[in-house]
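Below are the chains, spelled out letter by letter.
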Amino acid sequence: VNYVEGQNPILILDEDLTDLTSINPQLISMRPATENDLFVLPSASFIGTAISETQINGVSVPLEDKWVLTPEEQEAIAIATRAYNNTIATAAASANLALLDANALLNELATTGITSNNFTITSNLVTGGAFSLDGIHLTARGYAFIANEMMKTIDNTYSTNFEASGNLVDIGEFPTNYSPTLQ
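In this report, the structure presented in the accompanying data block is examined. Please read these numbers as outputs of a predicted model, since none were measured by experiment.

Some details on the overall build of the protein
Right, on to step 1. When you go through the protein residue by residue, the secondary structure sums to three helices and six strands.
Right, on to step 2. In the protein, the succession of α and β elements from N to C terminus is β-β-β-β-α-α-β-β-α.
Right, on to step 3. Relative to a compact globule of 183 residues, whose C-alpha radius of gyration would be 16 Å, the protein shows 22 Å and is clearly more extended.
Right, on to step 4. Across its three principal directions, the C-alpha atoms of the protein cover 70 × 45 × 25 Å.
Right, on to step 5. Expressed as a percentage of its 183 residues, the buried residues of the protein come to 24%.
Right, on to step 6. Considering only residue pairs separated by 6 or more positions, the protein has 49% of its internal contacts joining residues 24 or more positions apart.
Right, on to step 7. As displayed, the protein offers around 12100 Å² of accessible surface, 56% of which is attributable to carbon and sulfur atoms.

Quick word on the environment of aspartate 14
Right, on to step 1. Its place among the elements puts aspartate 14 in the loop between strand S1 (11-13) and strand S2 (30-32).
Right, on to step 2. Setting aside chain neighbours within four positions, we find aspartate 14 in contact with Ser29, Arg31 and Thr70.
Right, on to step 3. At 2.6 Å, the side chain of aspartate 14 forms a polar contact with the side chain of arginine 31.

Regarding unusual backbone geometry
Trans is the common state for peptide bonds, and a negative phi is the common state for residues other than glycine.
Right, on to step 1. The phi dihedral of asparagine 96 falls on the positive side, at around 55°, and the residue is not glycine.
Right, on to step 2. Among the structural elements, asparagine 96 can be located in the loop between helix H1 (71-94) and helix H2 (102-111).

Thoughts on the nonpolar core
Right, on to step 1. In this structure, Leu105, Leu109, Ile114, Ile121, Ala130, Phe131, Leu138, Ala144, Phe145 and Ile171 together form the largest nonpolar core, which totals ten residues.
Right, on to step 2. At the level of elements, H2 and helix H3 (140-158) are the ones that each hand at least two residues to this core.
Right, on to step 3. Discounting residues that sit within four places of it in the chain, phenylalanine 145 has contacts with Leu105, Ile114, Ser116, Ile121 and Ile171.
Right, on to step 4. Counting residues in each nonpolar core, the second largest holds five residues, with Ile12, Ala33, Leu63 and Val68 among its members.

Regarding the environment of methionine 151
Right, on to step 1. Mapped onto the secondary structure, methionine 151 falls in helix H3.
Right, on to step 2. Separated by eleven residues in sequence, methionine 151 and phenylalanine 162 place their C-alpha atoms 6.1 Å apart.
Right, on to step 3. Leave out the neighbours within four places in its chain, and methionine 151 touches Phe162, Asn167 and Leu168.

Considering the pattern of salt bridges
Right, on to step 1. Under the definition given, this model contains four salt bridges.
Right, on to step 2. Glutamate 149 is the salt-bridge partner of lysine 152, the closest N and O atoms lying 3.2 Å from each other. Here lysine 152 and its partner glutamate 149 are both found in helix H3, three residues apart, which amounts to about one turn of the helix.
Right, on to step 3. For lysine 152, a relative accessible area of 26% translates into the label partly exposed.
Right, on to step 4. With relative accessibility at 15%, the residue glutamate 149 sits in the buried group.
Right, on to step 5. Look at the salt bridges and you will find they share partners, linking Asp14, Arg31 and Asp37 into a network.

A short note on H1
Right, on to step 1. The terminal C-alpha atoms of H1, which comprises 24 residues, lie 35 Å apart, in line with the 34 Å expected from a rise of 1.5 Å per residue.
Right, on to step 2. Following H1 by one or two positions, asparagine 96 has its phi on the positive side, about 55°.

Topic: H3
Right, on to step 1. Taking 1.5 Å per residue, 19 residues should reach 27 Å; H3 reaches 27 Å between its end C-alpha atoms and fits that length.
Right, on to step 2. Turning to H3, its buried residues number three or more, namely Arg141, Gly142, Ala144, Phe145, Asn148, Glu149, Met151, Thr153 and Asp155.
Right, on to step 3. Note on H3: the residue one or two positions beyond its end, serine 159, has a positive phi of about 55°.

Structural notes on the environment of glycine 113
Right, on to step 1. Mapping glycine 113 onto the fold places it in the loop between H2 and strand S5 (114-116).
Right, on to step 2. Along the primary structure glycine 113 and alanine 130 are separated by 17 residues, whereas in three dimensions their C-alpha atoms are 9.5 Å apart.
Right, on to step 3. Setting aside residues up to four positions removed in sequence, glycine 113 forms contacts with Glu108, Thr120, Ile121 and Thr122.

Reading the values: rules and limits
Residues numbered from 1 in each chain as written. Predicted model: local features only at pLDDT ≥ 70, side-chain atom pairs only at ≥ 80, totals over all residues. Heavy atoms only, no water. Helix = DSSP H or I, 4+ residues; strand = E, 2+ residues; numbered from the N terminus. Rg over C-alpha atoms; globule rule 2.2 N^0.38 Å. Buried < 20%, exposed > 50% of the residue type's maximum accessible area, 1.4 Å probe, protein only. Contact = heavy atoms within 4.5 Å. Areas by Shrake-Rupley, 256 points an atom, 1.4 Å probe, with all protein chains shown as cover. Polar contact = N/O pair within 3.5 Å; in protein donor to acceptor, adjacent residues only side chain to side chain. Core = buried A, V, L, I, M, F, W, Y, C linked by side-chain atoms within 4.5 Å. Salt bridge = Lys/Arg side-chain N within 4 Å of Asp/Glu carboxyl O. Expected span 1.5 Å × (residues − 1).

Right, dumping it as structure tokens:
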């Protein structure tokens, strides 16, 4: 990998590359990251940190697997997610239980956003309104939205009347808790 002055891709380990260490122990499975690789949120504080004067994480030393999801790993996660969700859906259907398809909701948040009571929430970190600053947990607005969706699912499954009776909440009444200076 040759770096030039200016911006360069992050150097990562990729176990899906052909293992050439038997030919040369220094040919570890590393490559420059591409736009298809996903980095975990905490990697932002790790990339560029010094191991020594000449060794820098993500520059001269490839990032370990725990910091990045390669396309192959993303596909493996998608396959496992589909399998788990199918198992859950089958179990819920056989027991006649209400099932909220959270995966579909999260995909909709990530692709188009979801509008509820004049608010559109998305999965965008900080400003999307659904997720808190840790990028994992929902905001109060996100939890209010999910609660509404759960009540709608219960209505549809058991012919209850949460929505018809006005018991859904206005998600705009719940804060997102981030500083306006972050916009």
